Number of protein chains: 2
Amino acid sequence: MSKTAIVLLSGGLDSATCLAIARSMGFTTYALSVHYGQRHAAELDAARRVAAALGAHDHRVMGVDLAGIGGSALTDPSVAVPETTGAGGAPGAAAAPGIPVTYVPARNTLLLSLALGWAEVAGAADIFVGVNAVDYSGYPDCRPAFIDAFGRLAQLATKAGVEGTHYTIQAPLIALSKAEIIRTGVNLGVDYGMTVSCYQADAEGRACGKCDSCRLRAQGFADAGVADPTAYA
Amino acid sequence: MSKTAIVLLSGGLDSATCLAIARSMGFTTYALSVHYGQRHAAELDAARRVAAALGAHDHRVMGVDLAGIGGSALTDPSVAVPETTGAGGAPGAAAAPGIPVTYVPARNTLLLSLALGWAEVAGAADIFVGVNAVDYSGYPDCRPAFIDAFGRLAQLATKAGVEGTHYTIQAPLIALSKAEIIRTGVNLGVDYGMTVSCYQADAEGRACGKCDSCRLRAQGFADAGVADPTAYA
């Protein structure tokens, strides 16, 4: 019997690659998408397509109301998504230094908590999350130390952990550049045209081409020498 | 200026006491109730009354869809809430050994994650949670080791933590018996008649008197020598 893993699947480039990696490692995959009040709901449609295309055994969408606490351009409509100030707003312009306003407070802690709950119920000991500490936009909860700390917490937090299940938080992208992630996914057959990374994609999932996420993604395709399949608005 | 704290407030006896303790320590309190698909929604009405009565500065209710993953008598309608098998189902009968089906997978991890997100936005460094390792029904995420691990995670998970905020997970009830909790709350003016602890309270918040939670609560009032103000169905 194959092992089971929970895969956090946003519908973006990184998490799609993560799902493909989990499948290539032989895991039966349960994909989990979380609708946390973010603007870019088009990602959820992308997540459904990606889960089906990459053979996820199950895919569930959970809703969490983070909009109530505000504090992020991704969940609070009163905060503007920053666009790059390079010539013409072209991808490749430098992002502002420091942790950006697109940071969602405690997001990965929350996402991993939900994944852990499902892992325990489903009998999965592995949780895949597509965090990346290279092109990571400065989010603190994308660093290896955070992933390690969550793994220790998972062991203590659960009935299964107390009874002997050894939880592993799998972050296979954490040390890869965006170009390396893209090359990995292409080798595993990921169709990145299905994925949506843009922080302010339109209802059809078309990208703005101007936000940090678009910029990093476009640069990644350029660096990987792979044609960019992204649909821009 | 007084310090600010997030207080997880379920509407039950323990979290009401926790809020009173936070207030007595001089904190400006932001009370957070989470509706996670549990059956006992009457607790939320209780939480609103308790937050107002104990002077919480703000009170918010967040919704999280845990029912989708099942696995607990508290979130999955297909799992029955166990009742004690003592004579007449009277409070005081022994609960079954081990971790009960009323355990919600990764619940406290999830609740603390939501509290951490709000703490970061609100500029709070303290999070109060009414976990208790004495009369704790065997939940793994009520133990001191879990609380310590979450504190370490909070430090690594957040922009504020990275920038120097020292997070403290306050679990003032963790080593108290139910009777000690009740005596503490009575001294701080908590009206326990407002609180609902029952796992299967009716729409008016009246307790069943038969579940583990009712049993522990009734025994606590008896042990404390305090008249039980609980409304039973």
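Provided above is the structure to which this section pertains.
Just so we're clear, the structure is a prediction, and the values are computed from it rather than from any experiment.

Chemist: Can you lay out the sheet that holds strand 1 (residues 4-8) of chain A for me, pointing to particular residues and giving the numbers?
Modeler: Residues and elements named next belong to chain A. Ordered in space as 3-2-1-4-5, the five strands form an open sheet in which the pairing is parallel. The sheet terminates laterally at strand 3 (58-63) and strand 5 (168-170), the two strands that pair on one side only. Between one strand axis and the next, the sheet turns by 25° as a mean value, whatever way the strands run. In this sheet, strand 5 lies alongside strand 4 (residues 126-128) in parallel orientation, the contact comprising three bridges. Bridge assignment links Asp 126 to a residue of strand 5, and that residue is Thr 168. Against the sheet, helix 3 (residues 107-122) touches strand 1, strand 2 (28-35), strand 3, strand 4 and strand 5, its axis set at about 140° to strand 2.

Chemist: Tell me about the interface of chain B and chain A, and name the residues and values.
Modeler: Residue-level contacts link 38 residues of chain B with 38 residues of chain A. Going through the elements one at a time, strand 3 (58-63), helix 3 (107-122), helix 4 (144-157) and helix 5 (159-162) of chain B are the ones with two or more residues in the side of chain B that touches chain A. Of all the elements, helix 3 of chain B adds the most residues to the side of chain B that touches chain A, at ten residues. Of the residues assigned to the side of chain B that touches chain A, the class counts are 22 nonpolar, ten polar and six charged.

Chemist: Can you tell me about the environment of Val 61 of chain B, naming the residues and giving the values?
Modeler: Residues and elements named next belong to chain B. With respect to the helices and strands, Val 61 occurs in strand 3. Judged by local crowding, Val 61 falls into the partly exposed class, with 16 C-beta atoms found within 10 Å. Non-local contacts of Val 61, meaning those with residues more than four positions away in its chain, are made with Ser 33, His 35 and Leu 44.

Chemist: Pulling in residues and values, what's your account of unusual backbone geometry?
Modeler: Residue and element names in this part refer to chain A. A positive phi is found at Ala 106, a non-glycine position, where the angle reads about 60°. Inspection of the secondary structure puts Ala 106 in the loop between strand 3 and helix 3. When the 31 C-beta atoms within 10 Å are taken as the criterion, Ala 106 is described as buried.

Quick notes on the rules
Residues numbered from 1 in each chain as written. Chains lettered and ligands numbered in written order. Predicted model: local features only at pLDDT ≥ 70, side-chain atom pairs only at ≥ 80, totals over all residues. Pairing = 2+ DSSP bridges. Helix = DSSP H or I, 4+ residues; strand = E, 2+ residues; numbered from the N terminus. Axes fitted to C-alpha atoms, helices over the stretch in contact; angles between N-to-C directions. Contact = placed C-beta atoms within 7 Å. Nonpolar A, V, L, I, M, F, W, Y, C, P; charged D, E, K, R; others polar. Buried ≥ 20, exposed ≤ 12 C-beta atoms within 10 Å, placed from the backbone.

So far we have only geometry, and geometry alone does not tell us how the molecule works.
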